[in-house]
Amino acid sequence: MGWQRCYPGGFLVWVVLLCELIQPVNYMPISGFLFDLDGVIVDTAVFHYQAWRRMANEVGFDISHEFNETLKGVSRMDSINLILAHGNVSLTENRKLALAAQKNEWYLELVSHMTPDDILPGVTGFFHQLNQAGIKCALGSVSKNAGLILKRIGMLDDFDAIIDGNKITNGKPDPEVFLKGAAELGLEPVQCVVFEDAVAGIEAAKRGGMFAVGIGSPDVLTQADLAIPSLEHLTVTELLTAIDRAQGIGY
Ligand code: BG6
Ligand code: MG
């Protein structure tokens, strides 16, 4: 009786008001997840590596697994330039275009047998959870083959927006692909979480002002806000709580 007289409107209303007050004024809740494709949804990263390696061998040198880390998330033509510079090989623009087309043919051969069984562990369950939580999602991939891969694995209809290599001018680490994804979802960057396996992709997310979840080793994805081996044991609720806590909003 006593507290009701002192706190008109009921105790609970005051608790809610207090919580609102201790949030930063411009607090915008996380409402969108942006997913890279290669290495996050499917393990096509290994096929890109195999095809690039074959191309480098053709030109007369080899590329290592470590060097391949620098290619992840990087567009086709940027990759070829990095690879040729790595092998100290200089070619005409036309020859580079021909090699890029050849690499893509090898890559398409490698992915031609993919099925929904190739979706990485944890992805399907995680998408189920984010749908239930009312979180929107977009694809943010610089691959021009992204639509084809999504079709093969049966996930073309699982995204509210798809931004791929055909819709952007600048590849990662430029944030364009993620900024376009957020815009298509109707969200501010600060409301979005990016899931990425590439160093260039994590940099793109951070330059875009987003929370970056690295899928892979924390020793490689050093700029990530959080690094996990896969989506397999991640729950949406725990992730959102961890982000709130990291941003000092937890109460
Ligand atoms: C990225 C991959 O998703 O797409 C890169 O991580 C790849 O390895 C890039 O080079 C471009 O892909 P595509 O399919 O357009 O050649
Ligand atoms: Mg990737």
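## Regarding the overall build of the protein chain
Phase 1 of the analysis: Scanning the protein chain from terminus to terminus reveals 11 helices and six strands.
Phase 2 of the analysis: A burial count over the protein chain gives 36% of its 251 residues as buried.

## A few points about the packing of helix α3 (residues 45-59) against helix α6 (residues 93-111)
Phase 1 of the analysis: At a closest axis distance of 9 Å, the pairing of α3 and α6 adopts a crossing angle of 140°. With respect to their mutual orientation, α3 and α6 come out oblique. α6 is crossed by α3, and the crossing has right-handed handedness. When α3 is examined against α6, the residues Phe47, His48, Gln50, Ala51, Trp52, Arg54 and Met55 are found in contact with a partner set consisting of Leu99, Gln102, Lys103, Trp106, Tyr107, Leu110 and Val111.
Phase 2 of the analysis: Counted by class, the contact of α3 with α6 contains nine nonpolar, three polar and two charged residues.

## Examining the site of ligand 1
Phase 1 of the analysis: Near ligand 1 lie 19 residues; those nearest to it are His48, Arg76, Ser143, Lys144 and Asn145.
Phase 2 of the analysis: Residue assignment for the shell around ligand 1 shows that the elements contributing at least two residues are α3 and α5 (76-86).
Phase 3 of the analysis: Split by residue class, the shell around ligand 1 holds six nonpolar, nine polar and four charged.

## What to know about the sheet that holds strand β4 (residues 192-196)
Phase 1 of the analysis: Judged by pairing direction, the sheet is parallel, and its six strands sit side by side in the order β3-β2-β1-β4-β5-β6 without closing on themselves. Looking at which strands have only one partner, the edges of the open sheet turn out to be β3 (161-163) and β6 (226-228). The mean angle between the axes of side-by-side strands here comes to 20°, regardless of whether they run parallel or antiparallel.
Phase 2 of the analysis: In this structure, β4 lies alongside strand β5 (residues 211-215), joined through four bridges in parallel fashion. Residue Glu196 lies in a different strand from β5, and its bridge partner there is Gly214.

## Focus: the nonpolar core
Proteins that are soluble and globular tend to have nonpolar side chains buried together.
Phase 1 of the analysis: By size, the foremost hydrophobic cluster in this structure holds 59 residues, and its most contacted members are Phe35, Phe178, Val193 and Val194.
Phase 2 of the analysis: Ignoring anything within four residues of it in the chain, the contact list for Phe178 reads Leu34, Gly140, Val194, Ala204, Ala205, Gly208 and Met210.

## Considering the packing of α5 against α6
Phase 1 of the analysis: Direction vectors running N to C along α5 and α6 enclose 110°, while the axes themselves pass 10 Å from each other. With respect to α6, the axis of α5 lies roughly perpendicular. Considering only the axes of α5 and α6, their crossing is right-handed. Contacts between α5 and α6 pair Arg76, Met77 and Ile80 from the former with Lys96, Leu99, Ala100 and Asn104 from the latter.
Phase 2 of the analysis: Its residues placed into classes, the contact of α5 with α6 shows four nonpolar, one polar and two charged.

## Remarks on the pairing of β5
Phase 1 of the analysis: The buried fraction of β5 is high, at five of five residues.
Phase 2 of the analysis: Neither face of β5 is open: one carries Phe211, Val213 and Ile215, the other Ala212 and Gly214, and all of them are buried.
Phase 3 of the analysis: Read from β4 through helix α10 (residues 199-207) to β5, the crossover connection turns out right-handed.

Cut-off values and rules
Residues numbered from 1 in each chain as written. Chains lettered and ligands numbered in written order. Predicted model: local features only at pLDDT ≥ 70, side-chain atom pairs only at ≥ 80, totals over all residues. Helix = DSSP H or I, 4+ residues; strand = E, 2+ residues; numbered from the N terminus. Buried ≥ 20, exposed ≤ 12 C-beta atoms within 10 Å, placed from the backbone. Axes fitted to C-alpha atoms, helices over the stretch in contact; angles between N-to-C directions. Parallel < 35°, antiparallel > 145°, perpendicular 65-115°, else oblique. Left-handed = near helix turned anticlockwise from the far one by under 90°. Contact = placed C-beta atoms within 7 Å. Nonpolar A, V, L, I, M, F, W, Y, C, P; charged D, E, K, R; others polar. Near = placed C-beta within 6 Å. Pairing = 2+ DSSP bridges. Core = buried A, V, L, I, M, F, W, Y, C linked by C-beta atoms within 7 Å. Right-handed = clockwise from strand over helix to strand, strands pointing away.

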